[in-house]
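# Topology and contacts: notes
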Amino acid sequence: MKKDIILAGVGGQGILTIATIIGYAVVNEKLNLKQAEVHGMSQRGGDVQSHLRISDKEIHSDLIPESCADLILSLEPMESLRYLPYLKKNGWLITNDKPFVNIPNYPDQSKLIDEIKSLPNHIILDADQIAKNLGSVRSANMVMLGAAAKFLDLPFEKLEEGIKYIFGSKGDKIVETNLKALAAGDSQTK
Amino acid sequence: MKKLLLLGDEAIGQGALDAGLSGAFGYPGTPSTEIVEYIQGNKKAIEKKIHLDWSANEKTSMEEALGMSYAGKRCIVTMKHVGLNVAADAYMNSAITGANGGIIVAVADDPSMHSSQNEQDSRAYGKFALLPMLEPCNQQEAYDMPRKAFELSEKYHIPIMLRITTRLAHSRAGVEKKEELPENKLHMPEDPNQFMLLPAFARTKYNKLLEVQNEFEKESENSEYNQYFDGDDKSLGIIACGLGYNYLLENFVDEKCPYPILKIGQYPIPRKQIKKITSECDEILILEEGMPIVEESLRGHLDNTLKIKGRLDHTVPRAGELDPNVVRKALGLEIEAKLEIPEIVVGRPPELCIGCPHRDTYIDLNAVMDEYGRGHVFSDIGCYTLGFLPPFKAISTCVCMGASITMAVGAAAAGFFPSIAAIGDSTFGHSGMTGLLDAVNKKSNVVIIILDNDITAMTGMQDSAVEGKIEKICKGIGVEPEHIRVFVPLKKNHAENVKIIQEEIDYNGVSVIIPRRECIHARKAKQKREQFKFDSGGNK
Ligand code: SF4
């Protein structure tokens with residue numbers, strides 16, 4: 001088993017939380033994991049990404065080689081395209097369609113979506129809206145994690161356990177909302 | 001046993017703790033920050049009352065570590081590569097004083113300059129100081145090496161550098177813990193003159209350091225971190241240091257690398273293994289993160305008959321970090337066609353947070369500077385450096401910690417007017433205070449703006465060493481009290497703040513303006529930290 005995943009987004013959108021939950025699930029499955037992330041200057045509203053590698057064998061590089069990622073999971077449409085050089089030929093791109101506009105020259109959204117749709121394997125969903133319907137826009141990242149669940153080859157309960165573990169200190173209500181968001185994301189990819 | 005999932009930085013912190021650490025010293029700097037942060041957040045460390053406060057800068061932290069070592073205890077001092085320049089005076093001399101209790105100098109280099117002004121290679125300093133170094137290739141080695149470092153440090157009475165780079169510092173993997181060692185008891189150096197570098201003593205000690213170089217080399221030759229892996233195809237031999245080794249193996253995931261490999265994780269460079277690989281192989285490829293340090297020492301100045309490939313002949317790019325693809329190209333392996341980034345994708349540079357106090361300060365400042373034209377504001381290193389970018393374009397320089405004030409002083413001496421410095425509170429504590437003393441002594445005509453957001457924000461919300469003390473410090477240094485002006489950078493105060501800046505520009509002498517408002521993330525970070533200390537029953 002081997003999965004190479006690029007998590008993409010903008011500083012503050014919560015990709016590191018996704019990475020932590022997957023990390024929790026992976027370690028409990030006795031698999032190997034390497035997860036490289038961006039800190040420092042780039043976090044102030046700039047583009048951020050995390051390379052997440054899961055394998056039952058030893059993993060050498062902390063970075064995914066180009067053309068090797070099985071999946072790009074992005075919290076924002078333009079950022080999903082920034083890492084295409086890493087994507088395998090028939091890899092999957094799963095992205096939130098809600099743009100994060102903090103630059104004046106943000107590209108035309110419909111053109112972005114066209115670009116994503118030109119890829120053979122893609123899933124586009126409105127994670128913000130789904131999360132909003134559940135009462136918490138902030139859990140859009142968990143909707144996205146849910147949408148990727150089937151591609152991770154990890155037991156779904158392990159992701160749920162990860163959520164309980166990570167959000168446990170914030171109270172039952174927050175755990176509940178995030179679990180719902182995860183399930184809602186999952187149901188989008190039937 | 002369940003593995004701990006740790007960043008490379010955190011692995012160093014945990015490794016040092018489990019190896020009998022008594023103190024962690026450092027100044028926050030990406031990518032090194034999480035070493036001390038991890039120790040600060042560790043329940044056991046708090047219970048054991050391990051020393052874990054941030055220092056004012058890297059030099060003070062290095063010297064504090066020397067003091068703890070003098071007292072016989074084991075300590076770690078952490079910094080980023082450019083921080084080692086600040087600590088260099090103490091670090092270089094620490095090679096002569098040596099250590100009593102073990103000292104680890106953990107330095108995180110930033111090849112590719114993800115958040116730095118240059119990509120200097122700290123191994124050059126290790127070599128310069130004639131001290132051994134360790135360089136982990138993965139998180140497990142990052143955990144294991146502090147133990148080895150303390151051992152070496154106490155065996156030879158010298159500090160040991162532990163060098164990592166951004167990628168490992170900020171990447172997480174499973175790490176297996178080892179049994180915990182107890183802390184050292186307090187004890188003085190056996191030789192009462194050990195830390196006394198009067199020339200007569202220093203000369204003797206320097207000679208000793210030179211004599212012991214052979215032994216350092218033997219340690220390297222016998223180190224478990226310098227390994228030789230034989231290969232059938234001797235047309236090429238590969239020397240891979242630190243992370244370079246992983247990127248190499250990544251290119252041979254399902255097969256064995258056909259070439260002999262020398263993996264280097266301990267310096268000085270092991271001569272025996274170098275002799276072996278260079279005599280066995282027709283060509284040598286060198287993979288090292290940072291500068292061509294190993295490569296240069298192998299090439300020397302003379303043309304060698306042996307063909308050496310690396311950064312100097314551009315088999316590997318001269319600048320920037322390694323990655324699996326860079327290494328693949330260097331190996332001459334086939335590269336698959338990749339997808340391109342669509343043209344529609346544009347850059348998304350970082351920016352000051354919405355609601356950041358610096359935004360308002362720059363709006364106030366720009367309103368005044370419209371009259372004088374841009375290019376008058378010397379800046380420094382922190383979140384506020386982002387004020388260089390649109391929409392503010394408020395500042396013009398960023399050189400090294402503290403240089404805003406001193407550059408303004410120099411420009412004023414040239415007759416430049418107005419000459420303004422913008423520096424953050426933490427940077428001011430780090431190395432702005434001495435510059436301010438120069439300004440006062442030289443009676444410079446400068447305006448120093450100390451942007452006080454109550455925290456070291458850029459590196460992740462560490463306390464600022466000058467919190468609550470800035471006015472007193474400025475007064476103490478000799479700034480006229482009526483020219484120390486504080487304002488709150490908020491929209492509603494704009495007119496008043498503009499007036500203050502204008503008045504101080506008009507004053508011929510040293511003025512300090514302190515725009516003061518908390519970073520919007522600072523309160524949350526502080527609350528979290530207090531809560532943690534409370535939860536863990538820590539009373540540091
Ligand atoms: S982290 Fe704080 S100081 Fe830095 S840009 Fe954001 S609000 Fe400003």
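Structural notes, computed from the coordinates.

The rules we used
By convention here, each chain's residues receive numbers from 1 onward along its written sequence. Here chains are named by letter from A upward and ligands by number from 1 upward, in the order in which they appear as written. Where local features are concerned, this predicted model is filtered to residues with pLDDT of at least 70; where side-chain atom pairs are given and counted, the filter is 80 or more; whole-chain, interface and lining totals use all residues. Side-chain figures throughout are based on the complete set of non-hydrogen atoms in the structure, without hydrogens or water. A pair of strands is labelled paired if DSSP reports no fewer than 2 bridges between them. Strands are runs of DSSP state E lasting at least two residues, helices are runs of H or I lasting at least four, and both sets are numbered from the N terminus onward. Axis angles are defined between N-to-C directions and span 0 to 180 degrees, where every axis is a line fitted to C-alpha atoms and, for a helix, only to the segment in contact. The span expected for a helix works out to 1.5 Å for each residue beyond the first. Only protein chains enter the area calculation, which uses a 1.4 Å probe; residues under 20% of their type maximum are buried, those over 50% are exposed, and those in between are partly exposed. Note on terminology: a nonpolar core comprises buried Ala, Val, Leu, Ile, Met, Phe, Trp, Tyr and Cys residues joined through side-chain atoms within 4.5 Å. Residues are treated as being in contact if the distance between any of their heavy atoms lies within 4.5 Å. Throughout this document, a residue counts as near a molecule or strand when at least one of its heavy atoms sits within 4 Å of that molecule or strand. A pocket here means an open set of points on a 1 Å grid, computed over the protein atoms alone, that has protein on both sides within 12 Å along at least five of seven lines. A cavity is instead a set of points where a 1.4 Å probe fits but cannot get out; residues with an atom within 4 Å of a point line either one. Each molecule is checked against the cavity or pocket grid, and it sits inside if more than half of its atoms lie within 2 Å of the grid points. As used here, buried area is the combined drop in accessible area, with a 1.4 Å probe, of two parts when they are placed together. Here, a salt bridge means any Lys or Arg side-chain nitrogen found within 4 Å of an Asp or Glu carboxyl oxygen. Counting of polar contacts relies on pairs of N or O atoms within 3.5 Å, with two restrictions inside protein: one atom must be capable of donating a hydrogen and the other of accepting it, and residues adjacent in sequence are counted only when both atoms are side-chain atoms. By the convention adopted, Pro, Cys, Tyr, Trp, Phe, Met, Ile, Leu, Val and Ala count as nonpolar, Lys, Arg, Asp and Glu as charged, and the other residues, Gly among them, as polar. Only the six-membered ring of Trp is used, alongside the rings of Phe and Tyr, when aromatic pairs are assigned; centres must lie within 6.5 Å, and planes under 30 degrees apart are stacked while those over 60 apart are edge-to-face, with the rest tilted. Within the patch definition used here, like charges are joined within 9 Å and nonpolar side chains (Val, Leu, Ile, Met, Phe, Trp, Tyr) within 5 Å, considering only residues with over 30% relative accessible area and no salt bridge. Each accessible area is a Shrake-Rupley result for a 1.4 Å probe, and residues are judged covered by the shown protein chains and nothing else. Comment on the angle field: the value is read as roughly parallel under 35 degrees, roughly antiparallel over 145, roughly perpendicular from 65 to 115, and oblique elsewhere. Each helix crossing is assigned a hand: it is left-handed if the near helix lies turned anticlockwise from the far helix by less than a right angle, otherwise right-handed if that turn is clockwise.

## Notes on the sheet that holds strand S13 (residues 307–309) of chain B
Residue and element names in this part refer to chain B.
- The strand order across the open sheet formed by five strands is S8-S10-S9-S12-S13, and the pairing between neighbours is mixed. The two strands at the open ends of the sheet, each matched to only one other strand, are strand S8 (227–229) and S13. Mean inter-strand twist for the sheet, computed between neighbouring axes without regard to direction, equals 20°.
- Relative to S13, strand S12 (residues 283–287) is paired through three bridges, and the arrangement is parallel.

## Some points on helix H1 (residues 15–28) of chain A
All names here are of chain A.
- If you check H1, its first and last C-alpha atoms are 20 Å apart, about what 14 residues at 1.5 Å a residue would give, namely 20 Å.
- Looking only at H1, the buried set comprises Ile15, Ile18, Ala19, Ile21, Ile22, Gly23, Ala25, Val26 and Val27.
- The first or second residue beyond H1 is lysine 30, which carries a positive phi of 60°.

## Brief notes about the nonpolar core
Residues and elements named next belong to chain B.
- The biggest cluster of nonpolar side chains holds 102 residues, and the ones touching the most others in it are Leu21, Ile39, Ile76, Tyr91, Ile238, Ile239 and Leu287.
- A total of eight residues in this core trace back to one element, the largest contributor, which is helix H5 (residues 81–97).
- Those residues in contact with isoleucine 39 that lie beyond four places of it in its chain are Gly13, Leu17, Leu21, Ala24, Ala45, Ile50, Leu52 and Ile76.
- Counting residues in each nonpolar core, the second largest holds 56 residues, with Leu386, Phe392, Ile395 and Cys474 among its members.

## Focus on the site of the ligand
- What surrounds the ligand is the set Arg44 of chain A together with Leu352, Cys353, Cys356, His358, Cys383, Asn453, Ala457, Met461, Cys519, Ile520 and His521 of chain B.
- With respect to the ligand, the chains having nearby residues are chains A and B.
- A molecule is said to occupy a pocket when more than half its atoms come within 2 Å of that pocket's grid points, and by this definition the ligand occupies the largest cavity.

## Structural notes on the sheet that holds strand S5 (residues 133–134) of chain B
Residues and elements named next belong to chain B.
- An order of S2-S3-S4-S6-S5-S11 is seen for the six strands of this open sheet, with the pairing classed as mixed. Each end of this open sheet is capped by a strand with a single partner; those strands are strand S2 (21–26) and strand S11 (266–267).
- Sheet analysis places strand S4 (residues 103–109) next to strand S6 (residues 160–165), joined by six bridges and oriented parallel. Following the sheet pairing, valine 105 is matched in S6 by methionine 161.
- H5 contacts strand S3 (74–80), S4 and S6 of the sheet and is inclined by roughly 130° relative to S3.

## Points about the interface of chain B and chain A
- Of the residues lining the interface, 48 residues belong to chain B; the matching set on chain A comes to 48 residues.
- Summing both partners gives a buried area of about 4,200 Å² for chain B against chain A, and 57% of it is carried by carbon and sulfur.
- For chain B, the biggest contributors to the area lost against chain A are Leu339, Ile344 and Arg348 of chain B; these three give 20% of the whole.
- Linking chain B with chain A are seven salt bridges, by the criterion used here.
- Across the pair arginine 348 of chain B and glutamate 76 of chain A runs a salt bridge whose closest N-O atoms are separated by 3.0 Å.
- Summed over the shared surface of chain B and chain A, the result is 17 residue pairs in polar contact (both at pLDDT 80 or more).
- Within the residue set of the side of chain B that touches chain A, elements represented by two or more residues are strand S1 (4–7), strand S7 (171–175), helix H11 (243–250) and helix H14 (324–331) of chain B.
- Looking at which element gives the most residues to the side of chain B that touches chain A, the answer is H11 of chain B, with five residues.
- Broken down by class, the residue content of the side of chain B that touches chain A amounts to 23 nonpolar, twelve polar and 13 charged.

## Digging into the packing of aromatic side chains
Residue and element names in this part refer to chain A.
- Across all of its chains, the model carries nine aromatic pairs over all chains by this definition.
- For the pair tyrosine 24 and tyrosine 165, a centre-to-centre distance of 4.5 Å together with 20° between the ring planes defines the contact as stacked. In this pair, tyrosine 24 is assigned in helix H1 and tyrosine 165 in helix H6 (residues 156–167), connecting sequence segments 141 residues apart.
- Here tyrosine 165 falls in the exposed class, since its relative accessible area comes to 55%.
- Here the aromatic rings of tryptophan 92 and phenylalanine 151 are separated by 5.0 Å at their centres, their planes lie at 55°, and the arrangement is tilted.

## Describing the environment of alanine 140 of chain A
Residues and elements named next belong to chain A.
- The topology assignment puts alanine 140 in helix H5 (residues 140–152).
- For alanine 140 and glutamine 188, which are 48 residues apart along the polypeptide, the C-alpha to C-alpha distance reads 13 Å.
- Not counting the four nearest positions on each side in its chain, alanine 140 is found in contact with Ala127, Asp128 and Ala131.

## Some points on a nonpolar patch on the surface
Residues and elements named next belong to chain B.
- A cluster of nonpolar side chains, contributed by Met196, Leu198 and Phe201, occupies part of the molecular surface with about 250 Å² of accessible area.
- Counting through the fold element by element, leucine 198 comes out in the loop between S7 and helix H9 (199–211).
- A residue is classified by how much of its surface remains accessible, and leucine 198, at 47% relative accessible area, is partly exposed.

## Here's the deal with the side chain of asparagine 100 of chain B
- Note on placement: asparagine 100 of chain B falls in the loop between H5 and S4.
- Separated by 3.0 Å, the side chain of asparagine 100 of chain B and the backbone oxygen of tyrosine 70 of chain B make a polar contact.

## Some remarks on unusual backbone geometry
Residue and element names in this part refer to chain B.
- Look at the link from threonine 30 to proline 31: it is a cis peptide, with omega at 10°.
- Turning to its location among the elements, proline 31 is positioned in the loop between S2 and helix H2 (34–40).
- Geometrically, the link from tyrosine 267 to proline 268 is a cis peptide bond, its omega value of 10° lying close to zero.
- With respect to the element layout, proline 268 can be found in the loop between S11 and helix H12 (271–280).
- Residue lysine 49 is not a glycine yet carries a positive backbone phi of 55°.
- Note that lysine 49 resides in the loop between helix H3 (43–47) and helix H4 (58–70).
- In this structure lysine 49 comes out as exposed when scored by relative accessible area, which is 59%.
- Although it is not a glycine, aspartate 454 adopts a positive phi angle of roughly 75°.
- Within the element layout of this structure, aspartate 454 appears in the loop between strand S16 (446–451) and helix H18 (470–477).

## Describing the packing of H1 of chain A against H5 of chain A
Residue and element names in this part refer to chain A.
- Contact pair H1 / H5: the axes reach a minimum separation of 10 Å and the direction vectors enclose 40°. One element, H1, and the other, H5, form an angle in the oblique class. You can see that H1 and H5 cross each other, and the crossing is right-handed. In this structure, H1 contributes Thr17, Ile18, Ile21 and Ile22 to the contact, and H5 contributes Asn141, Met142, Leu145 and Leu152.
- Broken down by class, the residue content of the contact of H1 with H5 amounts to six nonpolar, two polar and no charged.

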